[in-house]
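# Topology and contacts: notes
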Amino acid sequence: MLTNYIKIAWKVLLRHPFYTFITLFGISLTLTVLMVLTSFLDHLFGSHYPETKRDRSLYIMQMRTQDSTRTGSSSGPMSFKFLTEYAKSLKTAERVTICTFVNSSNAYVGSQKIKLNTKYTDADFWEVAEFEFLEGKPYNEQNIANSDQVVVITDDFKKHYFGKTEASVIGKDVEIENLHYRVIGVVKGSPVTRPFTYADVYYPYTTPKSNYQRTGMRGGYVAILLAKKKSDLKAVQDEFQNNIRRIPLPGVEDGYKFAYVEVKSEPYVENFTGTLLNGNKGIKTIFFGVIAFILFMLMGLPAINLVNVNVSRIMERASEIGIRKAFGAPVRTLMWQFIIENIFITFIGGGIALILTLVIIQLINSSGMIAYADLTINVNVFLVSLLVCLVFGLLSGVLPALRMSKLKIAEALKS
Amino acid sequence: MINLTNIEKVYRTSSIETLALNNINLNIRKGEFVSIMGPSGCGKSTLLNIMGLLDEPSKGTVELDGQRVSTYRDKELARLRNEKIGFIFQSFHLINDLSVVDNVEIPLLYRSTNGKPRQTYAKEALEKVGLSNRIKHFPKQLSGGQKQRVAIARAIVGQPEIILADEPTGNLDSAMGNEIMNILQTLNNEGATIIMVTHDENMAKRTHRLIRLFDGTQVQ
Amino acid sequence: MIRHLLKLIWNKKKAHSLLLVEIWASFLVLFGLTSLLVYNISKYQEPIGFTYENVWAVSLRSNRDTTDLAEKIQRVLQRIKTYPEVESATQMSSNFPFSQSSMSNGVDYKKKHVMADFYATDENFAQTLNMPVTEGRWYRSADSVGKYTPIVINQKAKEAFFENELPLGKIIGDRFKVMGVVNTFKAKGEFMANTPAIFELLDPKSSWHDLFLIRVRPGTDALFEAKLVKDITLMVDEWSVEVDHLTDSRKNQHNLTLVPVIIFLTVSGFLLINVALGLFGVLNLSIAKRRGEIGLRRALGATGNGISEQFIGEIWVLATFALLIGLLFAAQFPLMNVFDIQAGVYLTAIAISIVVIYGIVTLCALFPSRLAARIQPAVALHEE
C-alpha cells in the first residue's frame with residue numbers, strides 16, 4: 001500500500017515539474033537556512049575541539065563591582081591572585097584552569113608581519129582543554145615553577161613563522177616583542193569563536209609581561225571550572241559563590257570604592273548571552289523579539305507559500321478526486337494519499353537541503369572567514385531538521401487534505 | 001442583419017483534420033427568431049460562435065449590418081460583441097463571486113458607462129426577467145431557471161440588436177424552459193433578433209424559421 | 001472597473017486571505033531589509049572626515065612597570081618622531097579610529113544635554129589624519145592655560161550645542177573652551193552614524209594615554225615596523241607594543257556591519273524569490289480555474305488586453321490591501337522612533353518596499369495574465 005502511495009506521489013510530482021520545483025525550492029531553502037543556523041549555533045555553544053568538556057564546565061569571565069548606591073558599576077576580568085584564591089581552591093571541581101583572555105601582539109619574520117593572539121595559561125589549561133598535539137607536549141608545573149621561557153604554538157602560526165615545513169620545530173626559537181621563547185609543543189588551533197581557548201601562541205603564566213603578580217582583584221585573567229560530572233555543576237557553582245561571599249566588603253580597587261561584588265560562574269551559553277546583553281531587561285526583550293520575528297518570518301513565509309500553492313493545486317485536482325471518490329475511495333484513503341505525497345516531497349526537499357547545507361558549511365569552513373571553523377552537521381542538527389521537515393509536510397498536507405475531503409463528489413466532478 | 005457566405009470551418013490537430021462546417025450560406029434578417037437544430041457535434045455551436053464573432057471561419061465571409069468583419073481586429077470585435085450582441089449559454093456562465101446585479105452589469109463595464117446608471121440599467125434588465133427581488137443574491141442561492149433569467153438580463157442590459165442563445169433551456173426542466181422561451185419571445189416581439197441553438201423540437205416550433213445542420217452541412 | 005475589482009476580491013476574501021498574509025509578510029521582511037540597507041547607505045554617504053591610509057596605531061602597555069609612566073610615554077613619542085619614515089605622529093586616548101573601544105560622556109550647555117564621543121589627543125592629531133578644520137583652528141599645547149581645556153568639536157556637535165550661535169571661544173560643560181570645528185568625524189568607519197564628537201587636549205603628564213597614531217611614508221614596510229617595535233621595547237623593556245594598520249582595523253569594523261547585512265540580504269532575497277515563485281504558481285492556477293469566466297468576459301465585450309489588465313488589477317487590489325495592513329505595522333517604527341533612527345530612513349524604506357512589492361506582484365501576474373488574454377473564448381465557453 002505504502003509503495004503504491006509513493007509511486008503515485010512520484011508520478012504526481014513529475015506531472016507538474018513547475019509546482020514541484022516551487023515546493024522543493026521553499027522547503028529546501030527554509031531547511032538550509034535553519035540547518036546552517038543551528039550548525040553555527042552548535043559551533044558557538046556546543047562542546048567542540050578543544051573545549052570538548054564544555055558540557056561540564058563553568059566559565060568565570062568577569063567581576064562586577066558596584067558602589068554602595070548602586071548607581072555606577074565597573075566590570076572586567078580578574079587578577080591571577082584573585083582567581084587562585086577563590087577559584088583554584090574549589091574542592092568540588094575536578095580541575096580549574098586560570099588563563100588570560102585573548103591578547104594581541106605582533107611578530108616579525110624578515111619583512112613580513114604576523115598578527116597574533118596570545119594567551120598566558122597555567123599547566124591545568126592543557127587538561128581542561130583537550131588540544132591535539134601535533135608535535136611536542138604542553139608545558140607542565142615544572143616549566144612554570146622554573147619560569148621557563150617556553151611556548152606552545154598552533155600549526156597555523158608555525159606555518160607563518162617557520163614557513164611551510166614538515167620538519168619538527170620543537171626546541172626552535174620564537175621571537176615576540178624582543179623576547180625569545182623555545183617552542184615546546186605544536187597544537188592544532190582552536191577557532192576564534194572560542195575565546196577562552198583561542199590563541200596562536202600560549203605562554204606559561206610565569207613568563208615576562210603576564211602580569212600575574214598583580215595584587216588587586218582586577219587583572220586580565222579568566223577561569224574555567226571543570227566539574228567531575230554534569231550533575232556536579234550546581235555544587236561547584238554553590239561552592240564558588242560561597243567563596244565569593246567571603247570577599248571583605250566594602251573594599252577599594254584602583255581608587256574605586258565598592259560595596260557589592262558579583263562574580264558568576266556559568267555554563268558557556270549563559271555566560272555568552274549574559275555578556276552580550278549585559279543584563280539589560282529592555283534590550284533583552286527587544287533582542288529576543290527581533291530574533292523571534294526573524295525566525296517566525298523565516299519559517300512562516302515558506303510555510304504560507306507552500307500551503308497556498310497546495311490549496312490552489314488541490315482544486316486543480318478536484319476532478320481526479322471526484323473520480324476516485326465516485327469509484328468508492330474513502331475520504332481517509334485520499335487524505336493519506338495527500339499527506340504521504342507531501343511528506344514525500346518534504347523529505348526530498350530535506351535531502352536537497354542536506355546537500356546544500358553540506359556545501360555551505362564546507363564553504364564557510366574553507367573560506368577562512370573563521371579560522372579553524374569546524375561547522376558540522378551533527379546528529380542533533382539533523383534530527384531537529386528532520387522534525388521540522390515532518391511538521392512542514394503535515395502542515396501543508398493536512399490543511400489542503402481537510403478542505404478536499406469536504407468536497408462533494410458531484411461538485412468535484414463538475415469543475 | 002447577419003450574412004454568412006460560403007462558411008467553412010476546419011479544426012486541425014497534428015494528426016487529423018475535422019470539417020466542422022461546410023459551405024454554409026445564411027441570411028438572418030432583422031427581427032427574426034431563428035432556431036438551429038441538429039445532433040451533437042454537427043457544428044451548431046461552431047456556427048453560433050462564428051456569428052457571435054467569438055471564432056473565425058476558415059473560409060467565407062461574415063457580414064454584420066453589411067460590414068465584413070474579417071478585417072476587424074480584436075479591439076473592434078470586442079466592441080461589436082459588446083454593443084450589438086448578447087449571449088446566453090446552456091450552463092449560464094455566471095460569476096459565482098459576484099452578486100446578481102454585479103453579474104448583470106458586466107457588459108456595461110466594457111463600455112464607459114458610469115457607476116450609477118450602470119446599476120439602474122442592470123436593475124431594469126432584472127425587472128424585465130422578473131428578478132428584481134433577487135438582486136443582492138449570489139448565483140449559488142438561485143435555482144437553474146433563475147440563473148438563466150439572470151443570464152438573459154445580462155444579455156439584454158446593453159440593449160443589443162442580436163441575442164445568441166446556445167441551448168438556453170438545455171439544463172432546465174420543461175416548465176422552466178417554457179418560461180425562458182416566453183421571455184425570449186417577448187424580447188423578439190420588442191424587436192430583438194434572436195438566434196437559438198436547441199435540441200428541443202417543441203421550442204424550435206415556436207420560432208419563425210428552423211435551420212437544420214447535419215455533419216457541418218445545412219440540410220434544410 | 002476598480003469598484004468591480006474590489007467587489008470581486010472582497011467577495012472572495014476567504015480564498016484570498018492566505019495570499020494576503022503572504023504579501024503582508026513579504027512586505028514586512030522587505031521593510032526590515034530596506035530599513036537596514038537605507039540606514040547603512042545613508043550613513044555610508046557621509047564622509048568619515050579623515051584619511052587613514054599609511055596610518056598605524058602603536059599601542060603600549062606598561063605591564064608591571066609603574067614608575068614614571070607618563071615620562072616614558074613622552075620619551076617614546078619623541079623617539080618615534082625622529083624616524084625619517086614617520087611623517088607625523090600624535091598621541092591619543094585608546095579609542096583610536098576603527099578601534100573597538102569608545103568613550104562617551106554627557107556635556108551640558110545652556111540646559112542642553114548632549115551625549116558626545118570624547119577623544120583625548122595632542123596638537124598633531126588633525127595633521128596626522130589630514131583633518132581639515134573648518135572654523136577656528138586645532139588646539140595647541142600652549143592653549144592649555146587657566147582652568148579651561150581647549151577642545152575641537154565636529155559639525156554635529158556644533159549643531160547640537162549651538163544651533164545658530166558662533167561656537168568659537170564658547171565654554172561648554174563648565175571646563176571646555178571651543179577652539180575649532182571640524183566637519184565630520186566617524187571614528188568607527190563609513191558605517192558609523194555621524195554623531196557629536198569632542199576632541200580635548202590630552203594632559204601629557206597623565207599615564208592613561210598610551211597610544212600613538214603615526215603616519216608613515218607610503219611604501220614603508222614591516223621591516224621598519226619590526227625595527228620600531230624593537231627600538232621601543234629596548235627603550236622600555238617589560239612593556240608590550242602592538243602595531244595596527246588602520247586599513248586593517250577599518251576592514252574589521254566594516255565586516256561587523258557588512259557580514260550581518262549580507263547574510264540578511266541573501267536570506268531575504270531567497271525568501272522573496274520563494275514568495276514570487278509561489279505567487280506565480282497560485283496566479284497561474286487561478287487562471288486555469290477561471291477559464292470559463294474569461295471566455296464569458298470576452299463574449300461580453302472584453303478585449304484580450306482588458307482581460308490581462310483585469311488580472312493585474314486584481315493582484316494590485318490585493319497587494320494594496322496587504323500593504324495597508326503592513327503599513328499599520330511599519331508606521332509604528334518612524335512614529336515611535338524605534339532604535340533612534342531618523343524617520344526619514346523608515347519612510348524611504350517603506351516607499352522602496354511598496355514599490356518593490358508592486359513590482360514583484362506585477363511581474364508574477366504578467367505571464368499568467370498574458371496567458372489569460374490568449375485564451376480562446378469559443379473554446380473556454382464550451383469546455384464544461
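You'll find chain C entered in an unreviewed UniProt entry as FtsX-like permease family protein, with Larkinella knui given as the organism. UniProt, in the comment section headed Sequence similarities (unreviewed entry), describes chain C in these words: "Belongs to the ABC-4 integral membrane protein family."

An unreviewed UniProt entry annotates chain A as FtsX-like permease family protein originating from Larkinella knui. Looking at the Subcellular location (unreviewed entry) heading of the UniProt record, one finds this comment for chain A: "Cell membrane".

Quoted interface sizes are often the accessible area lost when the parts come together. Residue and element names in this part refer to chain A. Domain assignment breaks chain A into domain 1 (2–48 + 283–414) and domain 2 (68–258). Between the C-alpha centres of domain 1 and domain 2 the distance comes to 47 Å. Between domain 1 and domain 2, the residue contacts involve 7 residues of the former and 6 residues of the latter. Looking at the side of domain 1 that touches domain 2 residue by residue, the classes come out as 5 nonpolar, 1 polar and 1 charged.

A few words on the interface of chain B and chain C. Tallying the contact residues gives 24 residues for chain B and 23 residues for chain C. Mapped onto the side of chain B that touches chain C, the elements with two or more residues apiece are helix 1 (44–51), helix 2 (74–84) and helix 4 (106–109) of chain B. The greatest single-element share of the side of chain B that touches chain C, amounting to 6 residues, is contributed by helix 2 of chain B. In terms of residue class, the side of chain B that touches chain C is built from 10 nonpolar, 7 polar and 7 charged.

So, on to the packing of helix 2 (residues 17–45) of chain A against helix 11 (residues 331–367) of chain A. Residues and elements named next belong to chain A. Packing of helix 2 against helix 11 leaves a shortest axis separation of 7 Å and a crossing angle of 45 degrees. With respect to helix 11, the axis of helix 2 lies oblique. For helix 2 against helix 11, the interelement crossing comes out right-handed. On helix 11, the residues that touch Thr-20, Thr-23, Leu-24, Ile-27, Ser-28, Leu-31, Thr-32, Met-35, Val-36 and Ser-39 of helix 2 are Ile-345, Thr-346, Ile-348, Gly-349, Gly-350, Ile-352, Ala-353, Leu-356, Thr-357, Ile-360 and Ile-361. When its residues are assigned to classes, the contact of helix 2 with helix 11 shows 12 nonpolar, 9 polar and no charged.

With that settled, the discussion passes to the UniProt feature "domain: ABC3 transporter permease C-terminal" (unreviewed entry) in chain C. The feature "domain: ABC3 transporter permease C-terminal" (unreviewed entry), as annotated in UniProt, sits at residues 267–377 of chain C in this numbering. Taken end to end, residues 267–377 of chain C has its terminal C-alpha atoms 43 Å apart, with 86% of it in helix and 0% in strand.

A rise of 1.5 Å per residue sets the reference length of helix 1 (residues 2–15) of chain A, with its 14 residues, at 20 Å; its end C-alpha atoms lie 20 Å apart and thus fit the reference within 8%. Across the 14 residues that make up helix 1 of chain A, only a small minority, 0, are buried.

A separate point is the UniProt feature "transmembrane region" (unreviewed entry) in chain A. Residues and elements named next belong to chain A. Taking the numbering used here, the UniProt-annotated feature "transmembrane region" (unreviewed entry) corresponds to residues 21–41, 286–307, 342–365 and 377–399. Secondary structure within residues 21–41 divides into 100% helix and 0% strand; the distance between the first and last C-alpha atoms comes to 30 Å. For residues 286–307, the helix share is 100%, the strand share is 0%, and the end-to-end C-alpha distance is 30 Å.

Bringing helix 5 (residues 115–128) of chain B into the picture now. Residues and elements named next belong to chain B. With 14 residues, helix 5 extends 20 Å between its outermost C-alpha atoms, agreeing within 8% with the 20 Å of an ideal straight helix rising 1.5 Å per residue. Buried within helix 5 we find Arg-118, Tyr-121, Ala-122, Ala-125 and Leu-126. All buried residues of helix 5 fall inside an arc of 135 degrees around its axis, so they share one side. Every exposed residue of helix 5 that faces more than 90 degrees away from the buried side is listed here: Lys-116, Pro-117 and Thr-120. Buried residues along helix 5 sit against helix 3 (100–104), helix 4 and helix 6 (144–156). Taken from the residues just after helix 5, Gly-130 is the one with a positive phi, measuring 75 degrees.

It is worth spelling out the interface of chain A and chain C at this point. Contacts between the two partners involve 34 residues from chain A and, on the opposite side, 37 residues from chain C. Those elements that provide at least two residues to the side of chain A that touches chain C are helix 2, strand 5 (103–109), strand 6 (112–121) and helix 9 (281–316) of chain A. At 14 residues, helix 9 of chain A tops the list of elements feeding residues into the side of chain A that touches chain C. Of the residues contributing to the side of chain A that touches chain C, the split by class is 16 nonpolar, 13 polar and 5 charged.

This part takes up the UniProt feature "domain: MacB-like periplasmic core" (unreviewed entry) in chain C. In the UniProt entry, the feature "domain: MacB-like periplasmic core" (unreviewed entry) is given for residues 50–221 of chain C. In residues 50–221 of chain C, helix accounts for 15% and strand for 35%; the two terminal C-alpha atoms are 22 Å from one another.

Moving on: the sheet that holds strand 7 (residues 162–166) of chain B. All names here are of chain B. Spatial strand order, 6-7-8-3-9-10: 6 strands in an open sheet with mixed pairing. Both edges of this open sheet fall to strand 6 (85–88) and strand 10 (217–218), since each of them pairs with a single strand only. Bridge count for strand 6 against strand 7 is 4 bridges, and the pairing is parallel. Bridge assignment links Ile-88 to a residue of strand 7, and that residue is Ala-165. Lying on the sheet, helix 7 (residues 174–189) is in contact with strand 3 (33–37), strand 7 and strand 8 (193–197); it crosses strand 8 at an angle near 150 degrees.

Residue and element names in this part refer to chain B. The contact between helix 6 and helix 7 brings their axes to 10 Å, and the two run at 15 degrees. Looking at the two axes, helix 6 sits roughly parallel to helix 7. In terms of crossing hand, the pair formed by helix 6 and helix 7 is right-handed. Residues Gly-144, Gly-145, Gln-148, Arg-149, Ile-152 and Ile-156 of helix 6 pack against Met-176, Glu-179, Ile-180, Ile-183 and Leu-187 of helix 7.

Rules and cut-offs
- Residues numbered from 1 in each chain as written.
- Chains lettered and ligands numbered in written order.
- Predicted model: local features only at pLDDT ≥ 70, side-chain atom pairs only at ≥ 80, totals over all residues.
- UniProt positions renumbered as here; feature names shortened; annotations may be inferred.
- Domains from an automatic or database assignment.
- Contact = placed C-beta atoms within 7 Å.
- Nonpolar A, V, L, I, M, F, W, Y, C, P; charged D, E, K, R; others polar.
- Helix = DSSP H or I, 4+ residues; strand = E, 2+ residues; numbered from the N terminus.
- Axes fitted to C-alpha atoms, helices over the stretch in contact; angles between N-to-C directions.
- Parallel < 35°, antiparallel > 145°, perpendicular 65-115°, else oblique.
- Left-handed = near helix turned anticlockwise from the far one by under 90°.
- Expected span 1.5 Å × (residues − 1).
- Buried ≥ 20, exposed ≤ 12 C-beta atoms within 10 Å, placed from the backbone.
- Arc of directions from axis to C-beta.
- Pairing = 2+ DSSP bridges.

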